[in-house]
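Next come the chains, spelled out residue by residue.
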Amino acid sequence: MLGSGEVIGKLELSWDDLLNHGDEPFNISFSSVRSVHPSLTLKVAVVHACDEALSDFLVDCKVARDTDAGHARFAKYVKYERVPHLKVAVQHFQLVLDQCPVSHPDHAAALTNIAWARLQGYIRNDLQDIDGITSLFREALTLRPQRHPDHPLSLYNLAEALNWRHDKKSSAADICEAAQLYHKLLPLCPEGTYLRSIVEGPNGVDYVIGGCNKLPIDASEEGICLRRVVLELCPQGHQHRLRALDKLSLVLNTRFTQRGNIDDLDESIRFLREAVSLCPEGHSDPAYYLNNLAFSLERRFDHQGKPNDLDEAISLYEEALRLHPVGHKNRDVSLDNLSGALVSRFNKCNAIDDITRAISLCREALMLHPPGHPRCDTTLSNLAFALQTRYNELDVIEDLNEAIDLYRESLPLIRLDVPGRHPALYNLSSALCSRFTHTRKNEDIQEAINLCQESSAALPLLHPDRCFSYIWLNDAYLSRYQILHNPADLSVAVDNFRLASRHPTQGFPSRIIQAYKWVVAAERHGHGSALEAYSTFFELLDAHLATRSSTTSRREAAAAFHSARSLPADASSCAIRCENLRHAVELVERGRGQQWSLASRLKTPVEDLESANPKLAHDYLELSKLVSNAAQGSADSTDRAAADQAATKYRKLTEQWEAAVTEIRNLQGFSRFLLPPLYADLQAAARHGPVIILIASQYSCSAVIVPTSGDPHNVPLSITLADLKTLKDRFTRAIRHASRMNPAETRTDLIVLLRIVWDEIMLPIVNVLENVLELKHRSRIWLCPTAAFTSIPLHAAHPFQTRADRSKEPCLEDLYICSYTPTLSALIRSRQMMKRRVTPSFVAIGQGQPGAGKGKALSAVDSELELVHKLVPATANHTTISGDAATRAGALQVLEENTWVHLACHGKQDPTQPYNSHFVMRDEHLTLLDIMDRDIPHAEFAFLSACHTAVGDEETPDEVIHLAAGLQFSGFKSVVGTLWEVDDAVAKHVVQAFYTYMFHPREVGVMDPTKAAWALNCATHAVKTTVPLEQRIVFIHIGV
């Protein structure tokens, strides 16, 4: 029975139609009523009564008569609204229920009839027992589980009872349960049915949505589940969808505040983007949704440090402010929001206009918030924070004093149980710390400590904001230590650095900054936790970079911590000073080339794993491909919403990949899989000759020699970091000057500089190689420079001295065959991949006519390609592409198809975005990113006869981001590159000499990439009389 008990249609069926079906049961249905198709279907069977069945038949007849009588009286009650009719109807229905025990097939129907009649009486205030009514409907639903034909009807009945009970008693539990019931019911009600029409009516789903929207914010699992249900009750086009999106995003934001799970914030942003897009023209306050989206983006910037999020947030806040002109009731909110975002951008970019405008906006907002205004405390705190931020940059004490006064004024206005109180406590604490360092008043620092402790005590252990309490506590204790020099204060400060940097629910950027400050404090004050601080910094930075899906975004994320760029060398220097040379090697390896390490994780050979556990190896490789593809997809997206979705997909895949890695590490023998390598692992790089790591730190400069076996050797150097920076600048000027000189002129400036490199850097190292390691002359060595050393031609170190017997003092390349390696891991990886050799094939790529605006014509390129063609063994499958064929796509194709490559063209290093460094082709540039995206495991050797192919990135020098390293990463084990501009007219002399030695006539058909370093060494000696000094030493060898 539905509706109000009225007769809405009649079923008429002749006896002939009834009896024509024989003894088989069949269905009959009502026809459409008022253009609505009734949900009710009857199953009918003709029963031939026998003596045994007669009593049951008589009972069923009595049930039917009482039921009909009940319905008849109920219909009169509905029509005349007289309570006696209702009471008689209920009595009849009760008689039916008494005759239909639990085991009776009609027990659920009897429950439903009496419950429905009593519910209608409750609605008209003629009956009061709503709890009993609800229990009857609930019992009926239990008897009609899923797939029961009347299951939808029972869902509706119970939901209706709960709605009315909520209407009278305002029970949150009732409206929540009703929402869940409607969520189950709607998919069971086909469009056009009567049940669907009343479920979607104002007393059905719309009532539930309205009731749920009035509930307080609940960020529990149950609360968020309810909001998801409500959103699903509001499909696209539903009038309440905008409100449902807003409510769900709000609870997700609240849970992010409590737990710091970035998934909640990402999802909130996705819903808010939809809400902004749905906000109709003429909406009473579209700025509300703009502000909400901007706020969430700003929070994500705080958590992840993505600049695009902050820029978009400011744009949205600006738009919201335009919609709130002077005199608008909500202008104050937009002023506060925009000012906070401008302060954040000032902290990132140091643009003084941002902080000046932020303060101005705060002052305007404060004018709109006189004492007693409910938002007065917020604006006071915002203005105080902006002034304090400006003080931190400009050191104007008046700004700090005003900030402290404003914080003090705001604090009494904030109730003790309000979530915004703890930020006010630690903000005032930080301001008092700053003033203590200025005035040295003990009462300021003690109050600062007390405030931080109060803030910390008010927060759960895993609350994200507890991290800031630790931050300001370490700031307070460190400030006091610097004045009073009490070791206990330094110890407490370090403890709080440790807690802040390891707080699991706070975003990586804040924690990385704290780890860096911990490093600085430990180094400055000689605390024993310095090595722990360095390790924590590298661990956090590695985890932070791993969250970035694209290569360029990783580089931008690393460059954002520009003040920490020296930490790889500083960490190694610290370990050396602690006389822990093995750890020095591990730290410098971990801190350098992090972006290459992160990218290479997805290309790690897994032969051993395939032998131990083939299925796990397969799953790992498949996930690695998915992560790599997701990374490339996210890098191509320019739409912000699409970019958010791609980033979320990437993070989910990364979590699955990390779970697979964890499973691998649980296997016996794989506990260190993809973990930062230990010294014992890294020593494999020195299998064919020592690796010399040159460490340029502000604390000390030295070389650590990793021998083939045994402990590393430390070689202290007298040169300083400042000296190295000066030397780098002098080399730049000397090479520029040499390029304008006559080839026959002596390069005096360059000779002087190479002599300094010999005397102050390489000679002490050579002494250890000769006298301690007893390394034979003409053996191979590998140079692994860090920081400022990366810009100096170490391989070309030369004494330029004549002995008493008039013989020349040998230079470094007379004594040893020098190669470079970006990292020890890169060299190890290249050697591992050498195990999988295939039949060699050679391609020469030349582009001497790059086109207008792409550089001058290179007239010697074609002759260089012809020369190479003659020198390459005839047994090699040889290809040449040049001119119009040397396009970006053409070059990429032959790079993937061949194992040996010679490239002759313009090369350009991009100093601001090194991943855009490129080779100039006929149409488009062949960029470093293009090369990195290729996986060419069988590639062996590349000769880059182009400019600037082995020059690193000034912003992140220890990342060694250049074209030669990119080719090595993509699979080439041995690469010849260049440090500066190459003169193609003379470079061909080096090329000819190189390939002559590389493919010696006595070794017909042999193509061995491990000979490249020796061949280059011989070639540069052979062309001394024909090639100027700066063009001989421009070529370097990288790899095996």
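One can find the structure itself at the top, above this paragraph.
Residues numbered from 1 in each chain as written. Predicted model: local features only at pLDDT ≥ 70, side-chain atom pairs only at ≥ 80, totals over all residues. Heavy atoms only, no water.

1. Digging into the nonpolar core
Here comes step 1: Ranked by internal contacts, the top residues of the largest apolar core, which has 111 residues, are Phe537, Val585, Val691, Ile693, Val706 and Leu824.
Here comes step 2: Broken down by element, this core gets its largest block of residues, nine residues, from helix H24 (residues 530-546).
Here comes step 3: Not counting residues within four places of it along the chain, the set of residues in contact with Leu824 comprises Val585, Glu589, Leu682, Ala685, Val691, Ile693, Val706 and Cys784. (Core = buried A, V, L, I, M, F, W, Y, C linked by side-chain atoms within 4.5 Å. Buried < 20%, exposed > 50% of the residue type's maximum accessible area, 1.4 Å probe, protein only. Helix = DSSP H or I, 4+ residues; strand = E, 2+ residues; numbered from the N terminus. Contact = heavy atoms within 4.5 Å.)

2. Digging into the pattern of salt bridges
Here comes step 1: If you walk through the whole model with that rule in mind, you get 40 salt bridges.
Here comes step 2: For the salt bridge of Asp66 with Lys62, the shortest nitrogen-to-oxygen distance reads 3.4 Å. Remark: Lys62 and Asp66 occur in helix H2 (residues 51-80); sequence separation between them is four residues, near one turn of the helix.
Here comes step 3: Taking the relative accessible area as the measure of exposure, Asp66 reaches 10% and is therefore buried.
Here comes step 4: In this structure Lys62 comes out as partly exposed when scored by relative accessible area, which is 38%.
Here comes step 5: The closest approach of N and O atoms between Arg502 and Glu532, which form a salt bridge, is 2.8 Å. In this pair, Arg502 sits in the loop between helix H22 (487-501) and helix H23 (508-525) while Glu532 sits in helix H24, placing the two residues 30 residues apart along the sequence.
Here comes step 6: By relative accessible area, Arg502 is classed as partly exposed at 43%. (Salt bridge = Lys/Arg side-chain N within 4 Å of Asp/Glu carboxyl O.)

3. Some thoughts on the packing of helix H3 (residues 83-99) against helix H4 (residues 107-123)
The axes of two packed helices give the description: the angle between them and the distance between them.
Here comes step 1: At a closest axis distance of 9 Å, the pairing of H3 and H4 adopts a crossing angle of 165°. On the basis of the axis angle, H3 is roughly antiparallel to H4. As H3 runs across H4, the sense of the crossing is left-handed. Of the residues in H4, those in contact with Leu86, Val90, Phe93, Gln94, Val96 and Leu97 of H3 are His107, Ala110, Leu111, Asn113, Ile114, Ala117, Arg118 and Gly121.
Here comes step 2: Considering only residue class, the contact of H3 with H4 consists of nine nonpolar, four polar and one charged. (Axes fitted to C-alpha atoms, helices over the stretch in contact; angles between N-to-C directions. Parallel < 35°, antiparallel > 145°, perpendicular 65-115°, else oblique. Left-handed = near helix turned anticlockwise from the far one by under 90°. Nonpolar A, V, L, I, M, F, W, Y, C, P; charged D, E, K, R; others polar.)

4. Description of the pairing of strand S8 (residues 841-846)
Here comes step 1: With respect to burial, S8 is a largely interior element, six of its six residues being buried.
Here comes step 2: Here S8 shows a buried face lined by Ser841, Val843 and Ile845 and a second buried face lined by Phe842, Ala844 and Gly846.
Here comes step 3: The pairing of S8 with strand S9 (residues 877-882) spans six bridges and is parallel. Following the sheet pairing, Ile845 is matched in S9 by Ile881.
Here comes step 4: Looking at chain direction, S8 and strand S10 (residues 900-904) are connected through five bridges and run parallel. Its bridge partner being in S10, Ile845 is matched across the sheet by Leu903. (Pairing = 2+ DSSP bridges.)

5. So, a positive patch on the surface
Here comes step 1: Where like charges cluster on the molecular surface, the positive patch consists of Arg730, Arg733, Arg736 and Arg740.
Here comes step 2: Locating Arg736 in the fold gives a position in helix H33 (residues 721-739). (Patch = residues over 30% accessible without salt bridge, like charges linked within 9 Å, V, L, I, M, F, W, Y side chains within 5 Å. Areas by Shrake-Rupley, 256 points an atom, 1.4 Å probe, with all protein chains shown as cover. Lys, Arg positive; Asp, Glu negative; His and termini not counted. Charge placed at Lys NZ, Arg CZ, Asp CG, Glu CD.)

6. Points about the packing of aromatic side chains
Here comes step 1: Here the structure, examined in full by the defined rule, presents 18 aromatic pairs.
Here comes step 2: Taking the centre distance of 5.7 Å and the plane angle of 40° together, the rings of Trp900 and Phe999 count as tilted. Here Trp900 is found in strand S10, whereas its partner Phe999 is found in the loop between helix H41 (984-998) and helix H42 (1012-1022), with 99 residues between them in sequence.
Here comes step 3: Measuring from ring centre to ring centre gives 5.9 Å for Phe943 and Tyr995, while their planes differ by 35°; the resulting arrangement is tilted. Here Tyr995 lies in helix H41 and Phe943 lies in strand S14 (residues 941-945), a separation of 52 residues in the sequence.
Here comes step 4: The class of Phe943 is buried, set by a relative accessible area of 0%.
Here comes step 5: Among the aromatic residues, those joined into a cluster by ring pairs are Phe842, Trp900, Phe941, Phe943, Phe994, Tyr995, Phe999 and Phe1035. (Phe/Tyr/Trp six-rings, centres within 6.5 Å; stacked < 30°, edge-to-face > 60°.)

Functional significance is not addressed by these values, which are geometric in nature.
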